[in-house]
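Close look at the chain arrangement
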Amino acid sequence: MKKKWVNIWAWTLIIGSSFLFLNCSKNPDEQAIRGVIEDMRVGMEELRYDSVVNAVSEDYSDNVNNTKANLKNRLQRIFGRFERLEVKTNILEVQIKGMTALAKLKMKIDGIEGERKERLFGNPIRAAELHLHFEKRSGRWRIVGSTVVRKRGIF
């Protein structure tokens, strides 16, 4: 009986320290980038315009020719149309090379107004990844661009 409890305790210790090691092994820059993404997610859900826009650099551009001004206008329209947003993110990978970084993630955004729910981003049939391009400026990670990468599927 005593041996069984020792084994359970040992496995608990091994699994617990593995999780702790994995979470602590992320470097400060990666943690900061993940924090920017999380702050934006929460800001969108709370319809806080500034927390989303402040993460984006003035010279932002993306693969469909949006600028920071375009993003501001789009956010104002979206925030005005819905009572709230439901935003889900899944960060797949963060690659850091010096003062630049790429965060690959899946994102789903639903606008909610009363009983109505409208998908704004994240097509469930045609899978896509959102790639956020970051630069570290004045000690702060800022989004300088983004790309929506469509994945090949059966459709």
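Look up a bit, the structure's there.
Below you will find a few notes about this structure.

**Topic: the side chain of Glu129**
Among the secondary structure elements, Glu129 is positioned in strand β5 (residues 128-137). At 2.9 Å, the side chain of Glu129 and the side chain of His131 are in polar contact.

**Focus on the layout of surface pockets**
Its volume calculated, the largest pocket comes out at about 700 Å³. Considering the residues around the largest pocket, the lining is formed by 27 residues, among which Leu71, Arg74, Ile109, Phe121 and Leu130 are closest to the centre. Elements with a minimum of two residues in the lining of the largest pocket: α2 (28-45), α3 (49-53), β1 (56-62), α4 (68-81), β3 (100-113), β4 (116-121), β5 and β6 (140-150). The dominant element in the lining of the largest pocket, judged by the number of residues it contributes, is α4, at six residues. Here the residues of the lining of the largest pocket sort into 19 nonpolar, three polar and five charged.

**Some remarks on the pairing of β4**
Successive residues of a regular strand alternate their side chains across the two faces of the sheet. Where β3 and β4 come together, five bridges link them in antiparallel fashion. Among the inter-strand pairings, Glu113 is bridged to a residue of β4, identified as Arg116. As consecutive antiparallel partners, β3 and β4 are separated by two residues, and within that stretch Gly114 has a phi angle of approximately 65 degrees, a positive value.

**Observations concerning the nonpolar core**
Counting 28 residues, the largest nonpolar core has Ile33, Ile37, Ala103, Leu105, Leu132, Phe134 and Ile143 as its most contacted members. If you list the elements that add at least two residues to this core, you get α2, α3, β1, α4, β2 (84-97), β3, β5 and β6. For Ile33, the contacting residues outside a window of four places in its chain are Val94, Ile96, Ala101, Ala103, Phe134 and Trp141.

**Let's talk about the pattern of salt bridges**
As enumerated under the stated definition, the model contains 15 salt bridges in all. Here Glu30 makes a salt bridge to Arg34, at a shortest N to O gap of 3.0 Å. Within this pair, Glu30 and its partner Arg34 are both found in helix α2, separated by four residues, close to a single helical turn. Overall, Glu30 belongs to the buried group, its relative accessible area being 15%. Among the ionic pairs, Glu118 bridges to Arg81, the shortest N-O distance being 2.7 Å. Placement of the pair is Glu118 in strand β4 and Arg81 in helix α4, with a sequence separation of 37 residues. A relative accessible area of 25% places Glu118 in the partly exposed class. Linked through salt bridges whose partners overlap, the residues forming this network are Glu86, Lys108, Asp110, Lys117 and Arg119.

**Brief notes about the pairing of β3**
Most of β3 sits out of view: ten of its 14 residues are buried. Bridge count for β2 against β3 is 13 bridges, and the pairing is antiparallel. Bridged to Glu86 within β3 is Asp110. What sits between β2 and β3 in their antiparallel hairpin is a turn of two residues, with Gly98 showing a positive phi close to 65 degrees. Looking at chain direction, β3 and β5 are connected through six bridges and run antiparallel. From the neighbouring strand, Thr100 faces β5, where its bridge partner is Glu135.

Cut-offs and rules
- Residues numbered from 1 in each chain as written.
- Predicted model: local features only at pLDDT ≥ 70, side-chain atom pairs only at ≥ 80, totals over all residues.
- Heavy atoms only, no water.
- Helix = DSSP H or I, 4+ residues; strand = E, 2+ residues; numbered from the N terminus.
- Polar contact = N/O pair within 3.5 Å; in protein donor to acceptor, adjacent residues only side chain to side chain.
- 1 Å grid on protein atoms, 1.4 Å probe; cavity = no way out; pocket = protein on both sides within 12 Å on 5 of 7 lines; lining within 4 Å.
- Points joined across faces, edges and corners; volume = space filled by probe spheres on them.
- Nonpolar A, V, L, I, M, F, W, Y, C, P; charged D, E, K, R; others polar.
- Pairing = 2+ DSSP bridges.
- Core = buried A, V, L, I, M, F, W, Y, C linked by side-chain atoms within 4.5 Å.
- Buried < 20%, exposed > 50% of the residue type's maximum accessible area, 1.4 Å probe, protein only.
- Contact = heavy atoms within 4.5 Å.
- Salt bridge = Lys/Arg side-chain N within 4 Å of Asp/Glu carboxyl O.

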